[in-house]
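# A structural walkthrough
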Amino acid sequence: MLINGEWTEARSGLSFEVLNPATGESIGSVADGGAEDALLAITAAHDAFKTWSKTTAYERSAVLYRAWEIMTSRADELAHLMTVEQGKPLKASKAEVKYASDFLLWFAEEAKRVVGEWLPSQRPDQRFLSVKVPVGVVAAITPWNYPISMLTRKIGPALAAGCTVVLKPAEATPLCAKATFDVLTDAGLPDGVINMVTTSNPAPVGDIFTSDPRVAKLTFTGSTAVGRVLAAKAASNLQRVSVELGGHAPFIVFPDADPVHAAKGAAALKFLNAGQACISPNRLYVPSSLADLFQETLCSRVERLQTGNGLHDGVGVGPLINEVAVAKVETQVEDARNKGAGIPVGGMRLVNGEHSNGHFYAPTVLTDVKPEMSIYREETFGPVAPVITYEDPEQVIEMANDTNYGLAAYVYTKEIGVAMRAFEGLRFGIIGINDVNPTSASVPFGGMGDSGIGREGGHEGISEYLETKTGGFAI
Ligand code: ADP
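Residues numbered from 1 in each chain as written. Predicted model: local features only at pLDDT ≥ 70, side-chain atom pairs only at ≥ 80, totals over all residues. Heavy atoms only, no water.

Attention now moves to the site of the ligand. Close to the ligand lie 16 residues, the nearest being T142, W144, K168, E171 and S223. The separation between an oxygen atom of the ligand and a polar main-chain atom of T142 is 2.6 Å. In the environment of the ligand, an oxygen atom lies 2.5 Å from a nitrogen or oxygen atom belonging to the side chain of E171. Against a free-state accessible area of 550 Å², the protein chains account for coverage of 77% of the ligand. Counting only elements with at least two residues in the shell around the ligand, the list comes to α7 (202–211), β10 (215–221) and α8 (224–236). With 3 residues, α7 is the single largest residue contributor to the shell around the ligand. Looking at the shell around the ligand residue by residue, the class counts come to 9 nonpolar, 5 polar and 2 charged. (Near = heavy atom within 4 Å. Polar contact = N/O pair within 3.5 Å; in protein donor to acceptor, adjacent residues only side chain to side chain. Areas by Shrake-Rupley, 256 points an atom, 1.4 Å probe, with all protein chains shown as cover. Helix = DSSP H or I, 4+ residues; strand = E, 2+ residues; numbered from the N terminus. Nonpolar A, V, L, I, M, F, W, Y, C, P; charged D, E, K, R; others polar.)

Given below as structure tokens:
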């Protein structure tokens, strides 16, 4: 754990092992912190806020810029660590490290774009000024699926705004968090500006983060269930809250689209990170006129995907994070099978040979998926592509919107009018039009409904860490 500039053990002296999900081997151990440690981390962040919040935007920008340079220079070692700890193929880890570093650069720039306003008064002897100030100590809780970029997406703007941070990373990926903190401290952050409490038991640390009055803001990325509980606790303490939660993305192929192109897009997108992404498509809507060609192309792509240890050449799909994750996918697929879904590819765990000690599930295509199947409504977080055939393109937007989630949606069409109507009609925060990667550090990321509150990245990303102060000056 990093508390006030020092790497320390837990006060309890306990630690826990970190396992490679592809091999089951231990790759290290970290401090198993608790409430006491969380309090010390908050004290450090609270003290450091007094000076960090007074630094100039240029100074904060310079530190973030250095952090970007350092992360870029360490990209290969960070990517290797990510693959070993989280499982995604090395190429995907490299892409994530690049995405993570993009937030450092973007917010190094945004730090200098925080401006106020000079506003009119009805009184000739009065002047109004409105400025932005950092909210204070930020508590961040992050997930394991993107174990470096989810940190920089929060810490980058928090630091740029002049806030200090206490982080609790996911228990599955504390080593990536430590390596990210090494980048930030090597960039010259003063002691106490960022602090990290690792733990195998998140609830007591979450309780301290959401109840300590010195914490001004909670930022969380993870499941809707946990986000809902934490947001409620934080709200009762009047902390500011941003929560990036689950999703259930529709992927709509319109009748005018090229089904082969769309199927290649679906195959590329669905199996990224073994489907463990909140913006992963969970319902592929294909018109019956295109279903055969779409499914044929999708299946042939999925059959060719190699599943294994992400360090090995040619592997396109890594392990799932743990046994619970595999069991959840298995339950959803069995439910779909029992209710009549076809399974032309996959549909089982991989347990032999190189898969025997890891958490592997075969890349899977489900056909004839129906609303009564649990996969139609529940987020999957696994390598399963559920295909739903539809008849009426007039109704497909309504079908796609029929979910409590509202994070990402994807559309394939060649018609600009169809694309625009879909963009306007879909109730989702991020929409890819013939585009399987509608994300970047430069654009807002976040969802509607049960997918969360707030936006990360883009111009809005920093405003989550700022509040407004108005001055009325009688002159
Ligand atoms: P996932 O299903 O992606 O693991 P979680 O919501 O369980 O999603 O985890 C996301 C983050 O939330 C992790 O850092 C995890 O440790 C943390 N977390 C889980 N339960 C709690 C809790 N009760 N209080 C605080 N943090 C929690």
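After that view, the rundown keeps rolling.
In this section: empty space enclosed by the protein. In this approach the atoms are scanned with a rolling probe the size of a water molecule, which exposes any empty space left behind. Evaluated as defined, the whole model comprises 1 cavity of 30 Å³ or more. Taken as a whole, the largest cavity spans an internal volume of roughly 40 Å³. Every residue lining the largest cavity is listed: G247, H248, A249, K270, G275, A277, C278, S280, N282, E379, T380 and F381. When the residues that make up the lining of the largest cavity are grouped by side-chain class, the tally is 4 nonpolar, 6 polar and 2 charged. (1 Å grid on protein atoms, 1.4 Å probe; cavity = no way out; pocket = protein on both sides within 12 Å on 5 of 7 lines; lining within 4 Å. Points joined across faces, edges and corners; volume = space filled by probe spheres on them.)

This next bit is on the environment of E378. Summarising the element assignment, E378 is placed in the loop between β17 (364–367) and β18 (384–390). Judged by its relative accessible area of 40%, E378 falls in the partly exposed class. A C-alpha to C-alpha distance of 22 Å links E378 and S242, two positions 136 residues apart in sequence. When neighbours within four sequence positions are excluded, E378 is seen to be in contact with H248, N282 and Q332. Only 3.2 Å separates the side chain of E378 from the side chain of Q332, close enough to count as a polar contact. (Buried < 20%, exposed > 50% of the residue type's maximum accessible area, 1.4 Å probe, protein only. Contact = heavy atoms within 4.5 Å.)

Counting across every chain of the model gives 20 salt bridges. Put simply, K168 and E171 hold a salt bridge, and the shortest N to O gap is 3.8 Å. Salt-bridge contacts for D402 lead to R377; the nearest nitrogen and oxygen are separated by 2.9 Å. Of this pair, D402 sits in the loop between α12 (396–401) and β19 (408–412) while R377 sits in the loop between β17 and β18; the two residues are 25 residues apart in sequence, bridging distant segments of the chain. Take D402: its relative accessible area is 40%, and that puts it in the partly exposed class. Each of R153, K154 and E456 takes part in one network of salt bridges that share partners. (Salt bridge = Lys/Arg side-chain N within 4 Å of Asp/Glu carboxyl O.)

Turning to the nonpolar core, a few remarks are in order. Among the nonpolar cores identified, the biggest contains 113 residues, and L159, F294, L298 and L426 are the most heavily contacted of them. If one sorts the elements of this core by residue count, helix α4 (residues 90–110) sits on top with 8 residues. Here this core gathers at least three residues from each of two domains, domain 1 (2–245 + 451–474) and domain 2 (249–441). I42, V197, V215 and V241 belong to the second-largest nonpolar core, a separate cluster that totals 26 residues. (Core = buried A, V, L, I, M, F, W, Y, C linked by side-chain atoms within 4.5 Å. Domains from an automatic or database assignment.)

With 5 of its 5 residues buried, strand β8 (residues 164–168) lies for the most part within the structure. Bridge count between strand β7 (residues 137–141) and β8: 5 bridges; the pairing is parallel. Each bridged residue has a counterpart across the sheet, and for A140 the counterpart in β8 is L167. Between the parallel elements β7 and β8, the chain passes through helix α5 (residues 149–161) in a crossover that is right-handed. As defined by bridge partners, β8 adjoins strand β9 (residues 194–196) across 3 bridges and the pair is classed as parallel. Across the sheet, residue V166 finds its bridge partner in β9, namely N195. Each parallel crossover has a hand, and the one from β8 via helix α6 (residues 174–186) to β9 is right-handed. (Pairing = 2+ DSSP bridges. Right-handed = clockwise from strand over helix to strand, strands pointing away.)

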